[in-house]
Amino acid sequence: MRRLLVAGNWKMNASKVMLNELLASIVENAPQQTDVVVFPPAPYLMAASDKLQGSAVKLGGQNINPNDSGAYTGEISASMMIDCGCEAVLVGHSERRTLYAETDADVLAKTEAALNAGLIPYVCIGETLAEREANQTEAVIEQQINAVLNGLNVQQLAKCVFAYEPVWAIGTGKTASPEQAQQVHAFIRGLLAAKDEKLALNSHVLYGGSVKADNAKELFAQQDIDGGLVGGASLKAEEFLGICNPA
Ligand SMILES: O=C[C@H](O)COP(=O)(O)O
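Residues numbered from 1 in each chain as written. Predicted model: local features only at pLDDT ≥ 70, side-chain atom pairs only at ≥ 80, totals over all residues.

Draft legend 1. Representation of the packing of helix α7 (residues 137-149) against helix α9 (residues 178-195) within the structure. Two elements in contact, α7 and α9, have axes whose closest approach is 11 Å; the angle formed by their N-to-C orientations is 40 degrees. Once α7 is placed against α9, the crossing between them reads as right-handed. Two secondary-structure elements touch here, α7 through Thr137, Glu138, Ile141, Glu142, Ile145 and Leu149 and α9 through Val184, Phe187, Ile188, Leu191 and Lys195. Its residues assigned to classes, the contact of α7 with α9 shows seven nonpolar, one polar and three charged. (Axes fitted to C-alpha atoms, helices over the stretch in contact; angles between N-to-C directions. Helix = DSSP H or I, 4+ residues; strand = E, 2+ residues; numbered from the N terminus. Left-handed = near helix turned anticlockwise from the far one by under 90°. Contact = placed C-beta atoms within 7 Å. Nonpolar A, V, L, I, M, F, W, Y, C, P; charged D, E, K, R; others polar.)

Put into structure tokens, the structure is as follows:
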């Protein structure tokens, strides 16, 4: 049985005041039946870790360099994230792929680095609008997820979380319909099953792309949608908590 998992990706949005207020509210009100993880920007991770002490809410980082240390000015390693209290990291978010030219090979390297350090990689995949309109959704998803499915063993893959984020639904207010999302999630689970049946059964596959309190319930009711990777709506306590506890 897969528990509902809701992850809040703050992207490049935060301040000390926001961190204190938002985390205080999430810690106090996060429902026990949902696993909740927040991904603030890197400079706030230590402070966030302190705020989350003793709470069931977990912490993650938004990006890592695949190397463990060295002359990589401006970069952050997986072991540093562990040191700062993180248990997870996002890998392959479409903004990283598009704005910072991250390739499938980079995604595999980062996923491996995360696993080696003991972080849970949240491997993000998703098609653009042009790809969907050209009927390439499944081909794109398969290519992106195969980068990790072919590069890692089942034990490593069992520690990953997968997130389907159609690029056309991110920050646009255009959510994939529950049926559209379910169709791709079922396809992803099929690819996981081809690797290993138990892996498919136990893996969390999250949906991301304009998830809100008022559409979360219907999305999360789909058989293969195990929760959400939430961007904009994770910045407002009431909205995010509404997603964590969809009515
Ligand atoms: O990581 C989160 C996704 O990019 C979704 O962002 P959004 O909820 O603002 O559409």
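Now, onward.
Draft legend 2. Geometry of the UniProt feature "active site" (unreviewed entry) in the chain. UniProt feature "active site" (unreviewed entry): in the numbering of this structure it lies at His93 and Glu165. Considering the C-alpha atoms alone, the annotated residues occupy 73 residues of sequence yet fold into one spot, their largest mutual distance being 8.3 Å. Mapped onto the elements of the fold, histidine 93 is located in the loop between β4 (88-91) and α4 (94-99). Judged by the 28 C-beta atoms lying within 10 Å of it, histidine 93 is buried. Among the secondary structure elements, glutamate 165 is positioned in the loop between β6 (161-164) and α9. Each residue touching glutamate 165, except ones within four places of it in the same chain, is listed here: Ser94, Cys124, Gly126, Ile170, Gly208, Gly209 and Leu229. (UniProt positions renumbered as here; feature names shortened; annotations may be inferred. Buried ≥ 20, exposed ≤ 12 C-beta atoms within 10 Å, placed from the backbone.)

Draft legend 3. A look at the pairing of β4. Of the two faces of β4, the one holding Ala88 and Leu90 and the one holding Val89 and Val91 are both buried throughout. Sheet topology note: the strand β3 (residues 58-61)/β4 ladder contains two bridges and is parallel. Looking at β4, one finds that glycine 60 is bridged to alanine 88. In terms of handedness, the path from β3 via helix α3 (residues 78-83) over to β4 forms a crossover that is right-handed. Both β4 and strand β5 (residues 120-125) contribute to a ladder of four bridges, which runs parallel. When the sheet's bridge partners are listed, valine 91 is paired in β5 with valine 123. (Pairing = 2+ DSSP bridges. Right-handed = clockwise from strand over helix to strand, strands pointing away.)

Draft legend 4. Structural detail: the site of the ligand. Taken together, 14 residues form the shell around the ligand, and within it Asn9, Ile170, Gly208, Gly231 and Gly232 come nearest. Of the residues assigned to the shell around the ligand, the class counts are five nonpolar, eight polar and one charged. (Near = placed C-beta within 6 Å.)

Draft legend 5. Summary view of the UniProt feature "binding site: substrate" (unreviewed entry) in the chain. Mapped onto the present numbering, the UniProt feature "binding site: substrate" (unreviewed entry) falls on Asn9, Trp10, Lys11, Gly171, Ser210, Gly231 and Gly232. These annotated residues cover 224 residues of sequence, and their C-alpha atoms lie no more than 13.8 Å from one another, placing them together at a single site. Here tryptophan 10 falls in the buried class, since 21 other C-beta atoms lie within 10 Å of it. Here tryptophan 10 is in contact with Phe39, Pro40, Pro41, Ser234 and Leu235, once residues within four sequence places are set aside. Here glycine 171 is to be found in the loop between β6 and α9. A count of 12 C-beta atoms within 10 Å places glycine 171 in the exposed class. With near-sequence residues (within four places) excluded, glycine 171 lies in contact with Gly231 and Gly232.

Draft legend 6. Quick look at the environment of leucine 235. Relative to the assigned elements, leucine 235 resides in the loop between β8 (227-230) and α12 (237-244). Sequence spacing of leucine 235 and asparagine 63 is 172 residues, and the spatial spacing of their C-alpha atoms is 19 Å. Once residues within four sequence positions are removed from consideration, leucine 235 is found in contact with Trp10 and Asn13.

Draft legend 7. Spotlight on the packing of helix α1 (residues 16-29) against helix α2 (residues 45-52). Look at α1 against α2: their axes get within 10 Å of each other, and the N-to-C directions meet at 30 degrees. As for the relative orientation of α1 and α2, their crossing is right-handed in sense. Touching Leu19, Asn20, Leu23 and Val27 of α1 are Ala47, Ala48, Lys51 and Leu52, all from α2. Grouping the constituent residues of the contact of α1 with α2 by class yields six nonpolar, one polar and one charged.

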